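The primary structure of each chain is shown beneath.
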Protein chains: 2
Amino acid sequence: MVGMNVLWIFAHPEQRSLSGALRDEGLRALREAGHEYRLSDLYAMRWNPVVDGADFRHDADERLIVGAASRRAYDAGTLSEDIRAEQEKIAWADALVVQFPLWWYGMPAILKGWFDRVFVKGFAYGIIGPDGRTLRYGDGKLAGKRAMVVLTAGAPEATMGPRGVNGELGDLLFPLHHGTFWYSGMSVLPPYVVYGADRVPAEAYETHAAALRKRLAALPTEEPIPFRRQNGGDYDERLVLRPDVLPGRTGLSVHYTHPRTPAAEGVQDTQTAVSG
Amino acid sequence: MVGMNVLWIFAHPEQRSLSGALRDEGLRALREAGHEYRLSDLYAMRWNPVVDGADFRHDADERLIVGAASRRAYDAGTLSEDIRAEQEKIAWADALVVQFPLWWYGMPAILKGWFDRVFVKGFAYGIIGPDGRTLRYGDGKLAGKRAMVVLTAGAPEATMGPRGVNGELGDLLFPLHHGTFWYSGMSVLPPYVVYGADRVPAEAYETHAAALRKRLAALPTEEPIPFRRQNGGDYDERLVLRPDVLPGRTGLSVHYTHPRTPAAEGVQDTQTAVSG
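Residues numbered from 1 in each chain as written. Chains lettered and ligands numbered in written order. Predicted model: local features only at pLDDT ≥ 70, side-chain atom pairs only at ≥ 80, totals over all residues. Heavy atoms only, no water.

Comments concerning the overall build of chain A
A tally of regular secondary structure across chain A gives 9 helices and 6 strands. Computed over the C-alpha atoms, the radius of gyration of chain A is 19 Å, within 12% of the 19 Å expected from 2.2 N^0.38 for a compact globule of 276 residues. Based on the C-alpha atoms only, the size of chain A along its principal axes is roughly 55 × 50 × 40 Å. Partitioning the intrachain contacts of chain A with sequence separation of at least 6 by distance along the chain shows that 76% fall at a separation of at least 24. For chain A, the accessible area works out to roughly 10,900 Å², and carbon and sulfur atoms hold 51% of it. (Helix = DSSP H or I, 4+ residues; strand = E, 2+ residues; numbered from the N terminus. Rg over C-alpha atoms; globule rule 2.2 N^0.38 Å. Contact = heavy atoms within 4.5 Å. Areas by Shrake-Rupley, 256 points an atom, 1.4 Å probe, with all protein chains shown as cover.)

Below, the structure written as structure tokens:
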């Protein structure tokens with residue numbers, strides 16, 4: 001297997017954390033496996049997460065329409081320099097690893113604003129194919145790349161399982177996995193997760209680290225989450241699932257071509273390794 | 001009906017937008033109905049959405065553990081002043097209206113970081129009840145307050161329906177509705193939504209405005225989304241839904257005490273009014 005180019009996005013405010021240790025562990029594993037990596041450490045970079053007119057050199061006297069302004073600036077190469085630098089890293093990368101602590105069941109703002117600002121129209125969405133159809137959900141400029149979340153969550157695993165009070169992790173991550181990565185064309189690997197992350201005893205660290213190394217070793221080959229392609233025939237012209245596909249069923253799981261199981265998401269695997 | 005205190009959170013970068021017009025419309029309606037309001041216009045305030053040690057006057061030589069540091073600073077009254085000002089507005093409010101454009105199927109970073117920074121441990125979570133159980137999902141310091149999302153979404157309604165390619169809106173908003181508002185004790189009203197918001201013709205504006213006024217008129221009385229209470233008997237001691245509750249079912253809808261329908265979410269209503 002030839003080496004991959006990996007962009008690692010890190011969004012934790014403390015380097016001396018479990019997250020920081022796992023990041024170093026992960027980067028070392030990538031290097032030892034013959035991959036190249038680049039790191040965007042958002043706190044260390046003092047990343048600005050707030051979309052505004054300055055991103056697009058927008059004239060403040062004109063009404064700002066974000067989609068249109070970002071498209072124009074992207075096409076003209078006039079997006080602000082910090083955004084262009086991240087887009088160049090993504091263009092270089094074969095895979096993105098996106099690491100964060102789960103805050104209020106989503107990404108920390110500094111990371112959400114990395115997507116808000118970097119994934120502009122023309123780069124990550126708004127791409128029209130040769131047949132006139134919009135290329136999204138499995139197609140688009142970022143197709144061919146892989147993406148994987150590395151997550152630390154305070155909650156115990158059972159509370160984020162299929163019937164856990166917090167909602168199933170795969171559903172909570174759907175806006176990122178499906179609505180962002182897959183939307184822009186990327187294949188999405190099951191997340192690596194440390195549950196109960198604020199109560200990990202020191203002696204458990206090596207087990208978590210080993211599980212992460214195992215997942216990263218499979219980065220080039222692991223089976224992605226089986227999301228449906230928008231233009232694959234399952235959705236009608238209004239982009240609603242055709243009546244003959246899983247008739248009568250609703251819920252986010254209808255957007256998978258085959259049923260999700262905890263094992264299919266790799267969560268169970270990771271946790272087994274961690275507990276073992 | 002006696003007047004309510006309403007805190008309106010606004011997270012759009014452009015005042016001269018559909019969002020800005022609807023906000024002004026909404027605030028006017030609240031005043032005319034005899035309510036008091038306060039506005040947190042996050043872009044106008046140049047709100048800082050990034051959690052870091054400065055929020056807690058944290059010693060940079062010490063390892064930062066966000067939950068512990070925020071709890072200490074909250075209890076000591078030493079949270080940074082911008083955070084305390086928002087907490088005081090929330091304490092004053094009977095209802096929160098949270099208005100934003102849907103970006104990557106979630107909140108703009110400036111708004112996500114309002115929750116990240118303001119909803120600290122001790123204020124919005126980490127509250128232990130007299131019987132030793134943690135008060136969350138329907139109980140907690142913010143219980144008794146109501147919260148409602150006012151949303152503009154670029155996508156057409158069908159694509160965010162029960163089988164639409166983007167995933168059902170109620171599921172996409174679950175991390176905010178259930179994981180944030182309800183988690184901290186607030187009752188959650190169905191969202192007000194304008195779909196296809198970047199293609200609203202001028203002549204449709206008054207219909208959207210009327211639908212918003214109608215929803216705000218019902219702010220004190222409307223039936224909240226029927227999420228299950230954590231301590232209401234439906235979850236076991238691991239916080240997993242008991243086997244006899246909707247046996248064998250999974251998906252986010254299991255966390256509702258009765259089935260969701262588009263009408264129960266009010267989305268259909270709004271859209272009907274909008275199209276009419």
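Back to the write-up after that little detour.
Re the pairing of strand E3 (residues 95-101) of chain A
Residues and elements named next belong to chain A. Of all 7 residues that make up E3, 7 are buried, and the element is covered over most of its length. Residues Ala95, Val97, Gln99 and Pro101 point to one face of E3 and Leu96, Val98 and Phe100 to the other, with burial holding for every one of them. Pairing between strand E1 (residues 5-10) and E3: 5 bridges, direction parallel. When the sheet's bridge partners are listed, Leu7 is paired in E3 with Leu96. In this sheet, strand E4 (residues 146-152) lies alongside E3 in parallel orientation, the contact comprising 7 bridges. For Gln99, the partnering residue across the bridge sits in E4 and is Val150. A crossover links E3 with its parallel partner E4, the connecting element being helix H4 (residues 109-118), and its sense is right-handed. (Buried < 20%, exposed > 50% of the residue type's maximum accessible area, 1.4 Å probe, protein only. Pairing = 2+ DSSP bridges. Right-handed = clockwise from strand over helix to strand, strands pointing away.)

What to know about the packing of helix H1 (residues 18-32) of chain A against helix H7 (residues 205-217) of chain A
All names here are of chain A. Orientation of H1 relative to H7, taken along the N-to-C sense of each, is 40°, at an axis distance of 9 Å. The angle between H1 and H7 places the two elements in the oblique class. For the element pair H1 and H7, the recorded crossing hand is right-handed. Judged by residue contacts, Leu18, Ala21, Leu22, Glu25, Gly26, Ala29 and Leu30 of H1 engage Tyr205, His208, Ala209, Leu212, Arg213 and Leu216 from H7. Its residues assigned to classes, the contact of H1 with H7 comprises 9 nonpolar, 2 polar and 2 charged. (Axes fitted to C-alpha atoms, helices over the stretch in contact; angles between N-to-C directions. Parallel < 35°, antiparallel > 145°, perpendicular 65-115°, else oblique. Left-handed = near helix turned anticlockwise from the far one by under 90°. Nonpolar A, V, L, I, M, F, W, Y, C, P; charged D, E, K, R; others polar.)

Some details on the packing of aromatic side chains
Applying the stated criterion across every chain yields a total of 28 aromatic pairs over all chains. Between Tyr125(A) and Trp104(B) the ring centres are 5.7 Å apart and the planes differ by 90°, which places this aromatic pair in the edge-to-face class. Taken together, the residues span two chains, with Tyr125(A) in the loop between H4 and E4 and Trp104(B) in the loop between strand E3 (95-101) and helix H4 (109-118). Geometrically, the ring pair formed by Tyr183(A) and Tyr105(B) is tilted, given 6.1 Å between the ring centres and 55° between the ring planes. Of the two residues, Tyr183(A) is situated in the loop between helix H6 (174-182) and strand E5 (187-188) and Tyr105(B) in the loop between E3 and H4; the pairing between them involves two chains. When its relative accessible area of 11% is taken as the criterion, Tyr105(B) is described as buried. Feature note: the residues Tyr74(A), Trp114(A), Phe115(A), Phe119(A), Phe123(A), Tyr125(A), Tyr137(A), Phe181(A), Tyr183(A), Trp104(B) and Tyr105(B) constitute an aromatic cluster, connected by ring pairs. Just above the ring of Trp92(B) sits the side chain of Arg38(B); from NZ or CZ to the centre is 5.2 Å. (Phe/Tyr/Trp six-rings, centres within 6.5 Å; stacked < 30°, edge-to-face > 60°. Lys NZ or Arg CZ within 6 Å of the ring centre and 35° of its normal.)

Looking at the interface of chain B and chain A
Contacts between the two partners involve 66 residues from chain B, matched on the other side by 66 residues from chain A. Interface area, chain B with chain A, both sides summed: about 5,000 Å², of which 61% is carbon and sulfur. Considering only the surface of chain B that becomes buried against chain A, Trp104(B), Arg163(B) and Val165(B) emerge as the three largest contributors, covering 21% of it. Linking chain B to chain A there are 0 salt bridges. (Buried area = accessible area lost by both parts, 1.4 Å probe. Salt bridge = Lys/Arg side-chain N within 4 Å of Asp/Glu carboxyl O.)

What about the nonpolar core?
If you look at the biggest cluster of nonpolar residues, it comprises 126 residues, and the most contacted ones within it are Phe100(A), Trp114(A), Phe100(B) and Trp114(B). Contact partners of Trp114(B), with chain neighbours within four places excluded, come to Leu7(B), Ile9(B), Leu42(B), Trp47(B), Glu86(B), Ile90(B), Leu96(B) and Phe119(B). (Core = buried A, V, L, I, M, F, W, Y, C linked by side-chain atoms within 4.5 Å.)

Comments concerning the confidence of the model for chain A
All names here are of chain A. For chain A, per-residue confidence averages 93 on the pLDDT scale, and residues scoring 70 or more make up 93% of the total. Residue range residues 262-276 is modelled with pLDDT below 50. Its contacts to residues more than four positions away, or to other chains, number 27 contacts. Across the interfaces of the predicted complex, the ipTM metric reaches 0.94, alongside a pTM of 0.94. (pLDDT = per-residue confidence, 0-100.)

Digging into the relation of the copies chain B and chain A
The transform that puts chain B on chain A rotates by 180° and translates by 0.0 Å along the axis, for an RMSD of 0.0 Å. What the rotation and shift describe, once combined, is the action of a two-fold rotation axis. Distance from the rotation axis, computed per C-alpha, reaches its smallest value in chain B at Ala109(B): 2.4 Å. Mapped onto chain A, 100% of the interface residues of chain B again fall at the interface, so both copies present the same surface. (Least-squares fit on C-alpha atoms with pLDDT ≥ 70 in both.)

Thoughts on helix H1 (residues 18-32) of chain B
Residue and element names in this part refer to chain B. Its 15 residues place the ends of H1 21 Å apart at the C-alpha level, agreeing with the 21 Å of an ideal helix rising 1.5 Å per residue. If you check which residues of H1 are buried, you get Leu18, Ser19, Gly20, Leu22, Arg23, Glu25, Gly26, Leu27, Ala29 and Leu30. Buried residues along H1 sit against strand E1 (5-10), strand E2 (36-41), E3, strand E4 (146-152), strand E6 (192-194) and helix H7 (205-217). At the exit of H1 stands Gly34, carrying a positive phi of roughly 90°. (Expected span 1.5 Å × (residues − 1).)

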